[in-house]
Amino acid sequence: MPIDATQVESPGWWLKRLGKKLLDERDDSRPDCNGEITPGLDTLKRYAEGRAPLPHVPGVDPAEVAAWMKDARTNWTSLVIDSPTERMGVDGFRFGAAKGGKSAKTADDDANRIWQENQMDADSDLVHYGALSQRRAFVLVEKGDDGRPVLTHETPYQVAVEYEPGNRRKIRAGLKLRRDDWTGGTVATLWTPDMNYGFTAKTANPAFYDSTATLRQWDALSLPTLTDGQWTNELRAVPLVPFVNRRNRSLDGFAEHEDVLSIQNRINLSLINLIAAMKYGAFRQRYAAGLEVDEDPITGAAIQPFQLDIRKLWTVDSPDVKFGEFAATDLVPYVRAVEAAVQDLAAISRTPPHYLIGAVVNVSGDALKAAETGLISKVRDRQRTFGDSWESVMRLAFKVTGDEDKATSFDAETLWRDPESRTISELADAAVKKASAGVPWRQRMEDMGYTPSQIDRMEIDRAADALNAAPAEDPQPASLQAKREAKQPTDKPVIGREDVPDAA
């Protein structure tokens, strides 16, 4: 039966509201009063994959331009996204002392187990890349069949959330739309803090309209264990954690390459013009004035009198014929136009120039570090934002396991891999200096880039090495040892003033 969408905060009302929000963001927005168009998720995805729109070249067939783009297309925007993503890696989590005096080490072990069970070493990169390239990404926390938490990466193509009015930290409802490959329809799941709802539609491309009072395409999801399409939310919270990129530019997120799309278009146009100049004007065009050209008696077409060949000599009978050539097109301005646009892209996106140009000649290590300063600052800023989201994910995961102490622990800390490029000698030298300054051993190992699991194993190995290095006493029979202890007095020192003979 059709689902009612008129009552505010009813399941049908949330389905229509979030569904329309999700689908509308995929397309570009309409021009505003200034003629500006906000790119949709489809446009951001095409640029990230190197499929930018074809530039318009006056006087050139668009089909020919499309053929040239296969050779001219250079996906600079992918470097803008990949360069910070490859430096963002989660090594683990640290929790404060739990209630009852338990140490933080157990919490780290439990969090690491959840992380490894869900293959988040690999999937966390998908979350980071999705947030950087699509404005935001989501992690869904659910309870598996074995009672353990299940973490899955979700994209804004399928997930939309709504916050509490006036509170951007608390999610009021969340929706996920996915295509059912078995039936060809669409399945929707709606989460609220109290209840969860399931819906199904027979079409693969559902539509939502503001004027619609009932959703006739949708019906309640019916399963063998779920007849009314709703069930209790055991977590008492929407199990979706958003990872929003560059919230300072937009509350809903701002893609890493969103402000350099116009520069990518400029680069594509310059490359197309370069190829056109290479194709039509890079060679010297020759001409002959006053030359009579014979025609083919059958077709009437002019017969080419000369063939370019280094071994042949061109001669004519008429002294009035003059030969000449046009100068070739200078390609340097086109190349410089591309280089200037790439420099603009590097400055705005804070991508190191040697990443884009790929030429490193006679550059010192200090100069390379200085060139990467902007990138490192950008990565650390993203780590602060995404670190809070990962901690929220872990708190929800501990809520699934029933560990309320860790689920309500707000002193959690995400341990990030050092984004800076350092040599082993630099790290070792810094560790020695930190040791002289009193920095604990475990902290020095974290600063050297070792993961918590590696440090735990190293602590065991250190203790074993210390025991093996201790001098061993000569083993003596038990009888001899007992006699030696019986002869030795116990009421005075072995060597003392009493053993000195009296001078009198």
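The following paragraphs examine the structure supplied in this document.

Rules used throughout
Residues numbered from 1 in each chain as written. Predicted model: local features only at pLDDT ≥ 70, side-chain atom pairs only at ≥ 80, totals over all residues. Heavy atoms only, no water. Pairing = 2+ DSSP bridges. Helix = DSSP H or I, 4+ residues; strand = E, 2+ residues; numbered from the N terminus. Axes fitted to C-alpha atoms, helices over the stretch in contact; angles between N-to-C directions. Salt bridge = Lys/Arg side-chain N within 4 Å of Asp/Glu carboxyl O. Buried < 20%, exposed > 50% of the residue type's maximum accessible area, 1.4 Å probe, protein only. Phe/Tyr/Trp six-rings, centres within 6.5 Å; stacked < 30°, edge-to-face > 60°. Core = buried A, V, L, I, M, F, W, Y, C linked by side-chain atoms within 4.5 Å. Contact = heavy atoms within 4.5 Å. Polar contact = N/O pair within 3.5 Å; in protein donor to acceptor, adjacent residues only side chain to side chain. Parallel < 35°, antiparallel > 145°, perpendicular 65-115°, else oblique. Left-handed = near helix turned anticlockwise from the far one by under 90°. Nonpolar A, V, L, I, M, F, W, Y, C, P; charged D, E, K, R; others polar.

**Notes on the sheet that holds strand 3 (residues 136-143)**
Across the sheet, three strands lie side by side as 4-3-12; this open sheet has antiparallel pairing. Strand pairing shows two members of the sheet lacking a second neighbour, strand 4 (149-154) and strand 12 (240-244), which therefore form its edges. On average, each strand axis in the sheet is tilted by 20° relative to the strand beside it, whichever way the strands run. Relative to strand 12, strand 3 is paired through five bridges, and the arrangement is antiparallel. What sits directly across from valine 139, in strand 12, is valine 241.

**Considering the pattern of salt bridges**
Counted by the stated rule, this structure contains 35 salt bridges. Measuring nitrogen to oxygen at the nearest pair gives 2.6 Å for the salt bridge that ties glutamate 446 to arginine 94. Of this pair, glutamate 446 sits in helix 14 (residues 441-447) while arginine 94 sits in strand 2 (residues 90-94), and the two are 352 residues apart along the sequence. Judged by relative accessible area, which is 24%, arginine 94 ranks as partly exposed. Salt-bridge contacts for aspartate 110 lead to lysine 406; the nearest nitrogen and oxygen are separated by 2.1 Å. In this pair, aspartate 110 is assigned in helix 5 (residues 104-117) and lysine 406 in helix 12 (residues 404-407), connecting sequence segments 296 residues apart.

**Some words on the pairing of strand 4**
By the bridge criterion, six bridges tie strand 3 to strand 4 in an arrangement that is antiparallel. Bridging across to strand 4, valine 139 finds its partner in histidine 153. Between the antiparallel neighbours strand 3 and strand 4 lie five residues, among them glycine 147 with a positive phi of about 85°.

**Brief notes about the packing of aromatic side chains**
Here a ring pair, both rings aromatic, is described through the centre-centre distance and the interplanar angle of the planes. Within the structure shown, the criterion is met by eight aromatic pairs. Look at tryptophan 115 and tryptophan 390: their rings are 5.0 Å apart centre to centre, the planes differ by 70°, and that puts the pair in the edge-to-face class. Here tryptophan 390 lies in helix 11 (residues 373-401) and tryptophan 115 lies in helix 5, a separation of 275 residues in the sequence. Its relative accessible area of 3% is what places tryptophan 115 among the buried residues.

**As for the nonpolar core**
Within the largest apolar cluster, 34 residues are counted, with the highest numbers of intra-cluster contacts made by Phe93, Val139, Leu151, Phe243, Trp390, Val393 and Met394. Secondary-structure elements contributing two or more residues to this core are strand 2, helix 5, helix 6 (120-134), strand 3, strand 12 and helix 11. If sequence neighbours within four positions are ignored, leucine 151 has contacts with Ile114, Asn118, Met120, Val139, Leu140, Val141, Val393, Met394 and Ala397.

**Structural notes on the environment of glutamate 25**
Position of glutamate 25 relative to the elements: it lies in the loop between helix 1 (11-24) and helix 2 (41-48). Exposure remark for glutamate 25: the relative accessible area of 17% places this residue in the buried category. Each C-alpha atom of the pair glutamate 25 and leucine 41 lies 6.3 Å from the other, and the pair is 16 residues apart in sequence. Dropping the residues within four chain positions of it, glutamate 25 is found in contact with Gly40, Leu41, Arg135 and Arg136. At a separation of 2.4 Å, a polar atom in the side chain of glutamate 25 contacts the side chain of arginine 136.

**Some thoughts on the environment of leucine 190**
Structurally, leucine 190 can be placed in strand 7 (residues 186-191). With a relative accessible area of 0%, leucine 190 lands in the buried category. Along the backbone, leucine 190 and leucine 18 are 172 residues apart, and their C-alpha atoms lie at a distance of 9.3 Å. For leucine 190, the residues in contact, after removing those within four places along its chain, are Pro11, Trp14, Leu18, Ala173, Gly174, Leu175, Met195, Asn196, Tyr197 and Phe199.

**Regarding unusual backbone geometry**
The residue glutamate 9 is not glycine, and still its phi comes out positive at about 65°. Considering the arrangement of structural elements, one finds glutamate 9 in the loop between strand 1 (3-4) and helix 1. One non-glycine residue with positive phi stands out, namely arginine 350, at about 55°. Counting through the fold element by element, arginine 350 comes out in the loop between helix 8 (332-349) and helix 9 (353-357).

**Notes on the packing of helix 6 against helix 11**
The interhelical angle for the contact between helix 6 and helix 11, taken along N-to-C directions, is 125°, at an axis separation of 12 Å. When the axes of helix 6 and helix 11 are compared, the pair comes out oblique. Helix 11 is crossed by helix 6, and the crossing has right-handed handedness. Between helix 6 and helix 11, the contacting residues are Met120, Ser124, Val127, His128, Ala131 and Leu132 on the first element and Arg382, Phe386 and Trp390 on the second. Here the contact of helix 6 with helix 11 is composed, by residue class, of six nonpolar, two polar and one charged.

**Focus on the packing of helix 7 (residues 261-281) against helix 8**
Relative orientation of the contacting elements helix 7 and helix 8 amounts to 165°, with a least axis distance of 9 Å. Considering their axes alone, helix 7 and helix 8 lie roughly antiparallel with respect to each other. The interaxial crossing formed by helix 7 with helix 8 has left-handed handedness. Contacts from Ile263, Arg266, Ile267, Ser270, Leu271, Asn273, Leu274 and Ala277 in helix 7 reach Tyr334, Val335, Ala337, Val338, Ala341, Val342, Asp344, Leu345 and Ile348 in helix 8. Among the residues forming the contact of helix 7 with helix 8, the class breakdown is 13 nonpolar, two polar and two charged.

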